[in-house]
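Listed below, chain by chain, are the residues.
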Amino acid sequence: MSNEQRTTLPPGKMPELRVLPMPADANIHGDVFGGWIMAQVDIAGSLPAARRANGRVATIAVNSFLFKHPVFIGDVLTFYADIVKVGKTSITVNVEVYAERNRLQAETVKVTEATLTYVATDEERKPRTLPVLD
Ligand SMILES: CC(C)(COP(=O)(O)OP(=O)(O)OC[C@H]1O[C@@H](n2cnc3c(N)ncnc32)[C@H](O)[C@@H]1OP(=O)(O)O)[C@@H](O)C(=O)NCCC(=O)NCCS
């Protein structure tokens, strides 16, 4: 690993997702397709948002998305998601993605970081005021 920043998975922190990209998730160059990573990030971010909303949410915005290092087929990806802002109906979540490369050697690299905003919605798909926390 030349210019990559090796790290470790955050100790004691619970991931929202762990997934192994397969050859069907590759781009034309054989590395993992960015759109596939974006979909996984959206899923990971939606989980704490839906818990906070106590119900359905819709993604309204991808505020930022950084693909800092490539992801390779066979990397084990771990997604962490933290709520960073809550409004009347919206929840903004920061998602960090780590890749464990060469699984036997356990090299870990933070590959992607993104911030997304979700809106709690009702049965008519309209914005819904977030429940008050106890
Ligand atoms: C989500 C949806 C119901 C929200 O309805 P809306 O009338 O556009 O929403 P509003 O303008 O009332 O804004 C709702 C919240 O989103 C926030 N918001 C709106 N635009 C935003 C943006 N560009 N970035 C971040 N937050 C935004 C508002 O500040 C508001 O938050 P608050 O209530 O906490 O203050 C509607 O936009 C929708 O259905 N979008 C499609 C969702 C979807 O299908 N997503 C999947 C990807 S295709």
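The name given to the chain in an unreviewed UniProt entry is Acyl-CoA thioesterase, with Noviherbaspirillum sedimenti as the source organism. Listed under Sequence similarities (unreviewed entry) in UniProt, the entry text for the chain is "Belongs to the acyl coenzyme A hydrolase family."

Draft legend 1. How the structure looks around the overall build of the chain. Along the backbone of the chain there are 1 helix and 6 strands. Sequence-ordered secondary structure for the chain, helices as α and strands as β, is β-β-α-β-β-β-β. Projected onto its principal axes, the C-alpha coordinates of the chain cover approximately 45 × 35 × 20 Å. In the chain, 71% of the contacts between residues at least 6 apart in sequence involve partners at least 24 apart.

Draft legend 2. Spotlight on the nonpolar core. Residues Val41, Val57, Phe79, Val93, Val95, Val97 and Tyr118 are the most contacted members of the largest nonpolar core, which totals 25 residues. Breaking this core down by element, the ones donating at least two residues are helix H1 (34-53), strand E4 (76-86), strand E5 (90-101) and strand E6 (107-120). Not counting the four nearest positions on each side in its chain, Val95 is found in contact with Val41, Ala44, Gly45, Phe79, Ala81, Ala114 and Leu116.

Draft legend 3. Molecular detail of the environment of Thr108. Structurally, the position occupied by Thr108 is in strand E6. When the C-alpha atoms of Thr108 and Leu77 are compared, they prove to be 9.5 Å apart, with 31 residues separating the residues in sequence. Contact partners of Thr108, with chain neighbours within four places excluded, come to Arg6, Thr7, Thr8, Leu9, Tyr98 and Glu100.

Draft legend 4. Up close: the site of the ligand. What surrounds the ligand is a group of 14 residues, the closest being Ala61, Gly87, Lys88, Thr89 and Ser90. Elements supplying a minimum of two residues to the shell around the ligand: strand E3 (57-67) and E6. Looking at the shell around the ligand element by element, the count peaks at 4 residues for E3. The class makeup of the residues in the shell around the ligand is 5 nonpolar, 6 polar and 3 charged.

Procedures and definitions
Residues numbered from 1 in each chain as written. Predicted model: local features only at pLDDT ≥ 70, side-chain atom pairs only at ≥ 80, totals over all residues. UniProt positions renumbered as here; feature names shortened; annotations may be inferred. Helix = DSSP H or I, 4+ residues; strand = E, 2+ residues; numbered from the N terminus. Contact = placed C-beta atoms within 7 Å. Core = buried A, V, L, I, M, F, W, Y, C linked by C-beta atoms within 7 Å. Buried ≥ 20, exposed ≤ 12 C-beta atoms within 10 Å, placed from the backbone. Near = placed C-beta within 6 Å. Nonpolar A, V, L, I, M, F, W, Y, C, P; charged D, E, K, R; others polar.

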